[in-house]
Amino acid sequence: MTNWIPGTYDKIFKSILTDPKLKDYLSYLISEITELEYDYVYKNIEIRNNELSASHKKSKQYKTDLLINIEANKIDIEANRKYSKGLIIKNNKYQHKISSDDYSGKEYIDNYVYQINFNEFNRFKKSKEVLDKVMLVNIETGEIEEEMYQKYHINLAKIKNKYYNKEELSLFEKRCLILTLKDESDIKNIIKEDEMIERV
């Protein structure tokens, strides 16, 4: 039985999501997660240099997994295999840095800054959802401070658990699951149902 390297490993993750032949797959994931229209995403998607600018010469160079423009909107996509507090802090810094790069000190560019995290762990222990949306809110009133700053967490561990427990998966869950599988028989089982997954 052949084992494959899961798609959440950095090099594999980047090669899948930057493959021009899989532009529809990347656009689908972004559209389903952020609720941006698929056609709008597909038409305007642009993969950027994933190295973020340093604030001064001695600053550490930040490098995201994948950085995307959709017109004025920015999307940082991260594959996170193991939980650590340092990982969360690092990813928060990425999103803040992307946002601050659009601020000149005089004029702020009106755009959304999204971060999409594909996690192979349970980021929020109390959540029953596969997809969690995080925003800055007033915890007393539930009012959103700023809608243009959004973070999403996809719980790949929960999707994989559903698969192995033979629970029914949605199309979105199946198209996320393929990133985590390494057993050839599991991969064949998933790809036979979906031409898009087969190409991934």
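Residues numbered from 1 in each chain as written. Predicted model: local features only at pLDDT ≥ 70, side-chain atom pairs only at ≥ 80, totals over all residues. Heavy atoms only, no water.

Digging into the sheet that holds strand E4 (residues 66–70)
- The six strands are arranged E1-E4-E5-E6-E8-E7 in an open sheet whose pairing can be described as mixed. Each end of this open sheet is capped by a strand with a single partner; those strands are strand E1 (45–47) and strand E7 (131–135). Neighbour-to-neighbour, the strand axes of this sheet turn through a mean angle of 20 degrees, independent of strand direction.
- The pairing of E7 with strand E8 (residues 149–155) spans five bridges and is antiparallel. Counterpart to aspartate 132 in the pairing with E8 is histidine 153.
- Helix H1 (residues 10–17) contacts E1, E4, strand E5 (73–80) and strand E6 (113–119) of the sheet and is inclined by roughly 140 degrees relative to E5.
- Along the sheet, helix H2 (residues 23–34) contacts E1, E4, E5, E6, E7 and E8; its crossing angle with E6, the most-contacted strand, is approximately 105 degrees. (Pairing = 2+ DSSP bridges. Helix = DSSP H or I, 4+ residues; strand = E, 2+ residues; numbered from the N terminus. Axes fitted to C-alpha atoms, helices over the stretch in contact; angles between N-to-C directions. Contact = heavy atoms within 4.5 Å.)

Side note on empty space enclosed by the protein
- Applying the stated rule across the entire model yields one cavity of 30 Å³ or more.
- The calculated volume of the largest cavity comes to roughly 40 Å³.
- Forming the walls of the largest cavity are Asn119, Phe121, Asn122, Arg123, Phe124, Val130, Asp132, His153, Ile154 and Asn155.
- In terms of residue count, the dominant contributor to the lining of the largest cavity is E8 (three residues).
- Each residue belonging to the lining of the largest cavity can be placed in one class, and the counts come to four nonpolar, four polar and two charged. (1 Å grid on protein atoms, 1.4 Å probe; cavity = no way out; pocket = protein on both sides within 12 Å on 5 of 7 lines; lining within 4 Å. Points joined across faces, edges and corners; volume = space filled by probe spheres on them. Nonpolar A, V, L, I, M, F, W, Y, C, P; charged D, E, K, R; others polar.)

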